[in-house]
Amino acid sequence: MTLSSLAITVAATTSTTLKKQSRNSKFSTLALFFVATSASSAARAFSSSTPTFLPRHHHQSLPRSGASTLNNSVIYSTRGGSLASIVGKKISLSRRFSSTQIEQEVVSEMDEVKAAASKISAADKLALMREKMEENGVDVYIIPSDDPHLSEYVPAAYMRRGYLTDFHGSAGTALVTKDAAYLWTDSRYFNEASLRLDAGHWTLMKQGQPKVPTIPKFLADLATSHYTTNSKPLKVGMDAYVHAASFAKELNEVFADAAKDMEGDVPPTIAAIDTLDGKQNVVDSIWEGRPDLPKNPFRVHPMKYAGMTVQDKVTKIRSEMTEKKATMTVFSALDDIAYLFNVRCMGDVETCPIGIAYATISKDEVALYCDPEKVAPADVSEHLKEAGVTVKSYGDIVSDIESHLSAGKKNKVWLDNGRSNYALSRVIPEASLIDAQNPVTAMKGCKNEAEMEGMRQAHIVDGAAMANFMAWLENAIVVEGRSVSEVEIDEVLTGFRAKQPGFKEVSFPTIAGVGANGAIVHYRAAEGSDLLKYLDRTQPILIDSGGQYEYGTTDVTRTWHFAEKPDDEFREVYTRVLKGNIGVDSMIFPENTPGFVLDVFARKALWEIGKDYGHGTGHGVGAALNVHEGPHSISPRWGNKEVLKAGMVTSNEPGYYEDGNFGIRIENLLEIVEISSSDDANNGEEPANKKQKVAAEGKKFLKFGKLTLIPIQKNLIKVEIMTEDELNWLDSYHQEVLQKVKPLLEEGTPAMEWLVKSCEPIKRD
């Protein structure tokens with residue numbers, strides 16, 4: 001059956017099912033709305049079971065993979081999506097709208113951890129922690145956000161810091177002593193952490209702020225004081241599997257440096273790390289009902305999207321290993337492993353298509369370490385077998401590294417200490433360790449043509465989803481005069497994405513912040529929360545969202561305001577944020593330019609009026625992989641000197657946040673492309689009399705190509721502070737959006753009308 005006829009069949013057969021199974025009248029009406037609108041748009045855009053997408057000049061159209069399996073149930077979630085996803089003969093409703101794996105749970109893993117964290121008071125949890133710390137003989141215990149793979153987003157079983165502190169942002173480290181408790185987090189989360197922490201028991205350490213020490217410096221000072229008072233070392237407890245090897249090394253170094261300042265001919269040992277080997281993680285020992293580790297199966301990532309075989313990747317890695325004189329390379333980061341083996345997974349890590357595993361490559365073996373259930377599907381097993389991959393037990397990784405080293409005195413292991421846990425690193429003698437960025441990181445960061453085409457097509461369908469969503473939202477707020485909750489906005493947006501072919505789940509938890517909630521950089525709405533707000537015409541909303549498609553990953557932020565006459569100050573700041581976005585987007589720069597060099601162009605317009613924002617401007621994005629990916633970034637922090645290269649994808653997201661009032665962010669994803677001496681340096685957007693040629697002179701120059709295809713709200717722009725070139729950029733961008741997204745929409749529909757209106761040239765008088 002073709003996709004178009006399938007959509008019509010679903011629309012015809014599921015209305016009754018939804019009426020019977022919906023949990024309340026609001027949900028029933030909403031779900032039926034999606035069924036009614038889905039069939040015609042699907043039939044128009046896709047006419048066969050392997051439909052072609054909107055052509056893109058010289059690029060091939062992208063086919064969609066086969067049909068999905070389904071279940072009979074309609075599942076309603078309180079967070080992230082309760083709308084219909086057309087995935088076969090039934091409609092599946094789930095939090096993330098999987099089209100291949102049906103979730104049975106009503107609430108997400110994050111919601112379960114939040115519920116567990118709130119059941120016990122901070123005082124009681126800390127009392128239990130200190131009791132266990134005393135039993136284990138440690139004075140301090142460090143609780144990071146990480147899992148054994150140092151992932152940004154982690155399975156529920158590893159949300160230990162969230163459980164202990166009741167702060168659930170993606171970045172933060174807790175530290176508990178015998179009489180105090182601290183949480184370090186970065187500027188993205190200052191607002192949220194101050195709201196979530198029990199101030200009577202926790203101290204918020206605002207990372208990077210004046211007079212706020214780093215964790216190593218804090219512990220070194222504490223160790224000095226402890227040794228001076230007690231004449232014995234401070235015992236610092238930590239789980240070796242969830243701390244980076246580089247962090248443990250840094251701790252030992254600062255302890256040694258601090259000891260040099262102590263009196264005596266020989267520096268004393270003022271602190272010692274105790275990894276409590278053979279004992280339970282201290283947080284686990286007090287966490288009743290801790291979730292089990294996930295064992296979801298891998299799926300094969302097709303060659304038409306991967307663009308490079310596993311065998312070719314292994315060959316390239318072995319060549320680099322020869323240059324490094326490495327006899328084994330260890331891979332710990334989950335997205336590295338998914339990329340290496342051309343597999344993806346759903347359910348292990350919320351919103352990330354990766355599975356729990358390790359990997360190694362040596363001269364005569366390629367090994368994948370994972371639970372057997374992950375490779376149980378026949379096609380996955382055959383795929384790995386054809387690639388020459390040996391599947392081993394997840395727990396064998398450490399002993400296999402040790403065995404490899406003992407097999408030959410000259411054997412050396414290539415392991416990136418910054419992206420690998422301490423338990424792996426500590427078994428490798430320093431003389432046998434090659435501590436460097438692993439070869440997959442760079443390969444994955446620079447997309448091949450198949451991967452990039454998948455990213456382009458993902459953004460086209462994402463643009464169609466957003467057009468449908470914005471038509472719905474504008475109608476609800478402006479025409480119907482409704483007040484719409486942040487949760488409903490999240491659900492409806494996810495529902496429109498779910499109707500796009502190849503959609504798997506959202507690429508991160510949607511941020512939908514009305515008014516003051518928009519200033520909470522990584523805000524997440526929840527039913528029953530004291531923070532929950534409703535959107536009407538009096539307040540703006542910041543929506544940061546994205547989708548995981550089989551062929552690509554999206555991430556976009558827009559700030560919308562439906563007031564008849566938006567506040568002049570708001571428009572001023574909004575316009576300056578837009579100018580910063582255009583400033584980065586328009587850059588022409590030579591190869592080997594580090595990302596931090598471009599950051600100033602995003603901030604210049606804000607700096608002119610004494611304003612700034614606390615987060616970075618750009619991060620890498622994976623191709624049907626993690627929404628946050630290295631090795632590059634665009635940031636005012638000079639620590640990351642990774643140069644920008646053709647084939648990389650980066651976000652461009654300047655913003656401004658006024659605590660207690662509003663937040664503004666405008667984010668597009670960009671691809672980095674090489675330009676030749678005959679290319680227009682201005683991307684074709686400035687007037688003809690300002691066109692310049694890039695003089696190669698033996699050096700390559702790069703520019704940005706646009707991926708995100710979603711209009712920017714024009715009536716929030718103060719035209720008088722925009723330059724002519726910036727206005728031309730805006731009109732050119734909107735024409736590109738219209739050209740690429742319009743063929744996926746039905747003529748005469750609200751979505752088409754909204755798109756055409758939003759892409760009209762801006763009035764310049």
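Only a predicted model underlies this, so the values are computations on that prediction, with no experimental measurement involved. The written sequence of each chain sets the order in which its residues are numbered from 1. Only residues with pLDDT of at least 70 are given local features in this predicted model, and only at 80 or more are side-chain atom pairs given and counted; all residues enter the totals for whole chains, interfaces and linings. In computing side-chain properties, one takes all heavy atoms of the structure into account and sets aside hydrogens as well as water.

### Quick word on the overall build of the protein chain
Under the DSSP-based scheme used, a helix requires at least four consecutive residues in state H or I and a strand at least two consecutive residues in state E, with every element numbered from the N terminus. For the protein chain, the helix and strand inventory stands at 22 helices and 32 strands. Within the protein chain, buried positions represent 60% of all 765 residues. By definition in these notes, contact holds between two residues if any of their heavy atoms fall within 4.5 Å. Sequence-distant contacts, at least 24 apart, represent 71% of the contacts inside the protein chain between residues at least 6 apart. Counting every atom, the protein chain has about 30,000 Å² of accessible surface; 50% of that belongs to carbon and sulfur. Categorising residues by exposure relies on relative accessible area from a 1.4 Å probe, with only protein chains included: less than 20% of the type maximum marks a residue as buried, more than 50% marks it as exposed, and the intermediate range marks it as partly exposed. Accessible surface is estimated by sampling points in the Shrake-Rupley manner with a 1.4 Å probe; for residues, cover comes only from the protein chains shown.

### Brief notes about the confidence of the model for the protein chain
The predictor's confidence in any single residue is recorded as pLDDT, a number from 0 to 100. The predicted model of the protein chain has a mean per-residue pLDDT of 85, with 83% of residues at 70 or higher. Of the regions scoring below 50 in pLDDT, residues 1-95 engages in 213 contacts with residues more than four places distant in sequence or in other chains. Low pLDDT, under 50, characterises residues 97-107; the predicted model gives this stretch 46 contacts beyond four residues in sequence or across chains.

### Some details on the side chain of Ser425
The topology assignment puts Ser425 in helix α15 (residues 422-425). Residue contacts for Ser425: discarding those within four places in its chain leaves Ala245, Leu415 and Asn417.

### Details of the packing of aromatic side chains
Two descriptors summarise a pair of aromatic rings, namely the distance from one centre to the other and the angle between the planes of the rings. Aromatic rings from Phe, Tyr and Trp, with only the six-membered ring used for Trp, were paired whenever their centres fell within 6.5 Å, and each pair was classed as stacked if the ring planes differed by under 30 degrees, edge-to-face if by over 60, and tilted otherwise. Applying the stated rule across the entire model yields 17 aromatic pairs. With a centroid separation of 5.3 Å and 45° between ring planes, the pair formed by Phe589 and Phe704 is classed as tilted. In this pair, Phe589 sits in strand β25 (residues 589-590) while Phe704 sits in strand β32 (residues 701-706), placing the two residues 115 residues apart along the sequence. Each member of the pair Phe589 and Phe704 is classed as buried. Residues Trp729 and Tyr733 carry aromatic rings whose centres are separated by 5.4 Å and whose planes lie at 15° to one another, so their mutual orientation is stacked. A residue pair is termed a helical-turn pair when its members lie 3 or 4 positions apart in one helix, as Trp729 and Tyr733 do in helix α21 (residues 724-741) at 4 residues. A residue is classified by how much of its surface remains accessible, and Tyr733, at 0% relative accessible area, is buried. Three or more aromatic residues joined by ring pairs form one cluster here, namely Tyr305, Phe503, Tyr549 and Tyr551. In this structure, Lys125 is placed above the aromatic ring of Tyr163, and the distance from its NZ or CZ to the ring centre is 5.1 Å. Two conditions define a charge located above a ring, namely a distance within 6 Å from the ring centre to NZ of Lys or CZ of Arg, and an angle within 35 degrees of the ring normal. The ring of Tyr158 carries the charged tip of Arg290 above its face, separated from the ring centre by 5.8 Å.

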